[in-house]
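Now for the letters of each chain:
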Amino acid sequence: MSYFAMIISAMLVQNIVLSQFLGVCPFLGVSKKVESAIGMGMAVVFVMTIASAISWLVYNFILFPLGLEYLKTIAFILVIASLVQFVEMVIRKFSPGLYKSLGVYLPLITTNCAVLGIALLNIQNGFNFVETVVNGTANALGFTLALILFAGLRERVDEMDVPPALAGTPISLIIASIMSIAFLGFTGLV
């Protein structure tokens, strides 16, 4: 598979949120404002890209040679948790407003199943180092794309006259469902 096909597949065809339904918690929680969605998206891009790379190195140079493959989930969670702590410190220092708007969802990147899922899928699919980094980055960008589109739609819907029975979470879930169906239109592209 070419790198271009891998990127298109990860971002559109097999979008981590809208097709594989991983990382839905921050998708729904941080998508009320486009600014916070962009901030969370960039944090996820950084964490998922670096976590993919480091996880591949840990697996191929430590766990596999020592016969400790069964520890990969624990090892990958430790890598992800360390990266998230670093990102949290940087955002708190340089962008306190963004840090406040992300709230509890920033530390939840540690338990974001999308980040761990991609690290595990990279190993499961037998990707080499470059493929692992490309796939991690493309999936993170797909997450960011879905998050920003969803936030933009939610901002517009908040300005509209929505029936009281659908206001808030129900209309958000309907929008997410329609977005998921729309992304199914990319099936067969790659």
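Residues numbered from 1 in each chain as written. Predicted model: local features only at pLDDT ≥ 70, side-chain atom pairs only at ≥ 80, totals over all residues. Heavy atoms only, no water.

Peer 1: So what's going on with the overall build of the protein? Residues and values would help.
Peer 2: What the protein contains, in helices and strands, is eight helices and zero strands. The linear arrangement of helices and strands in the protein, starting from the amino end, is α-α-α-α-α-α-α-α. The C-alpha extent of the protein, read off along each of the three principal axes, is 60 × 45 × 25 Å. Pairs at least 24 residues apart make up 77% of the contacts formed inside the protein by residues separated by at least 6 positions. Accessible surface for the protein amounts to roughly 9,700 Å². Of this, 71% is attributable to carbon and sulfur atoms. (Helix = DSSP H or I, 4+ residues; strand = E, 2+ residues; numbered from the N terminus. Contact = heavy atoms within 4.5 Å. Areas by Shrake-Rupley, 256 points an atom, 1.4 Å probe, with all protein chains shown as cover.)

Peer 1: Account for the confidence of the model for the protein, with residues named and values stated.
Peer 2: Scored by pLDDT, the protein has a mean of 89; 98% of the residues are at 70 or more. Here helix 5 (residues 96-102) stands out as the least confident element of the protein, with mean pLDDT 79; helix 7 (residues 129-158) is the most confident, with 95. (pLDDT = per-residue confidence, 0-100.)

Peer 1: Run through a nonpolar patch on the surface, naming residues and quoting values.
Peer 2: A surface patch of nonpolar side chains, amounting to about 730 Å² of accessible area, comprises Tyr3, Ile7, Leu57, Phe61, Ile62, Leu66, Phe129 and Val130. Of all elements in the fold, only helix 1 (3-13), helix 3 (34-63) and helix 7 reach the threshold of two or more residues within the nonpolar patch. If you tally residues by element for the nonpolar patch, the top one is helix 3, at three residues. Within the element layout of this structure, Tyr3 appears in helix 1. Under the relative-accessibility criterion, Tyr3 is labelled partly exposed at 38%. (Patch = residues over 30% accessible without salt bridge, like charges linked within 9 Å, V, L, I, M, F, W, Y side chains within 5 Å. Salt bridge = Lys/Arg side-chain N within 4 Å of Asp/Glu carboxyl O. Buried < 20%, exposed > 50% of the residue type's maximum accessible area, 1.4 Å probe, protein only.)

Peer 1: Lay out the packing of aromatic side chains with the relevant residues and their values.
Peer 2: According to the stated counting rule, one finds six aromatic pairs in the structure shown. For the pair Phe27 and Phe150, a centre-to-centre distance of 4.4 Å together with 20° between the ring planes defines the contact as stacked. Remark: Phe150 occurs in helix 7 and Phe27 occurs in helix 2 (residues 24-29); sequence separation between them is 123 residues. In this structure Phe150 comes out as buried when scored by relative accessible area, which is 0%. Judged by centre distance (5.4 Å) and plane angle (75°), the ring pair of Phe183 and Phe186 falls under edge-to-face. Residue classification places Phe186 among the partly exposed positions, given a relative accessible area of 29%. (Phe/Tyr/Trp six-rings, centres within 6.5 Å; stacked < 30°, edge-to-face > 60°.)

Peer 1: Break down the packing of helix 1 against helix 7 for me, citing the residues and quoting the values.
Peer 2: Contact geometry for helix 1 and helix 7: axes closest at 7 Å, N-to-C directions at 35°. Viewed along their axes, helix 1 and helix 7 form a crossing whose handedness is right-handed. Two secondary-structure elements touch here, helix 1 through Tyr3, Met6, Ile7, Ala10, Met11 and Leu12 and helix 7 through Val130, Glu131, Val134, Asn135, Ala138, Asn139, Leu141, Gly142 and Leu145. Here the residues of the contact of helix 1 with helix 7 are counted per class, giving eleven nonpolar, three polar and one charged. (Axes fitted to C-alpha atoms, helices over the stretch in contact; angles between N-to-C directions. Left-handed = near helix turned anticlockwise from the far one by under 90°. Nonpolar A, V, L, I, M, F, W, Y, C, P; charged D, E, K, R; others polar.)

Peer 1: With reference to specific residues and values, describe the environment of Trp56.
Peer 2: Looking at where Trp56 falls in the secondary structure, it is placed in helix 3. Each C-alpha atom of the pair Trp56 and Phe21 lies 23 Å from the other, and the pair is 35 residues apart in sequence. Discounting chain neighbours no more than four positions away, the residues touching Trp56 are Phe61, Ile123, Phe127, Asn128, Phe129 and Thr132. At 2.9 Å, the side chain of Trp56 forms a polar contact with the backbone oxygen of Phe127. (Polar contact = N/O pair within 3.5 Å; in protein donor to acceptor, adjacent residues only side chain to side chain.)

Peer 1: Tell me what's going on with the nonpolar core, and back it up with residues and numbers.
Peer 2: With 51 residues, the main nonpolar core has Phe27, Val47 and Ile109 as its most contacted residues. Listed by contribution, the elements that provide at least two residues to this core are helix 1, helix 3, helix 4 (72-94), helix 5, helix 6 (113-124), helix 7 and helix 8 (169-184). If near-sequence neighbours (up to four positions away) are discounted, Phe27 is found in contact with Val17, Leu18, Ala146, Leu147, Phe150 and Ala176. (Core = buried A, V, L, I, M, F, W, Y, C linked by side-chain atoms within 4.5 Å.)

Peer 1: I'd love a proper account of unusual backbone geometry, names of residues and values included.
Peer 2: Backbone geometry places Phe21, a non-glycine residue, at a positive phi of 55°. Within the secondary structure layout, Phe21 lies in the loop between helix 1 and helix 2. For Phe21, a relative accessible area of 54% puts it in the exposed group.

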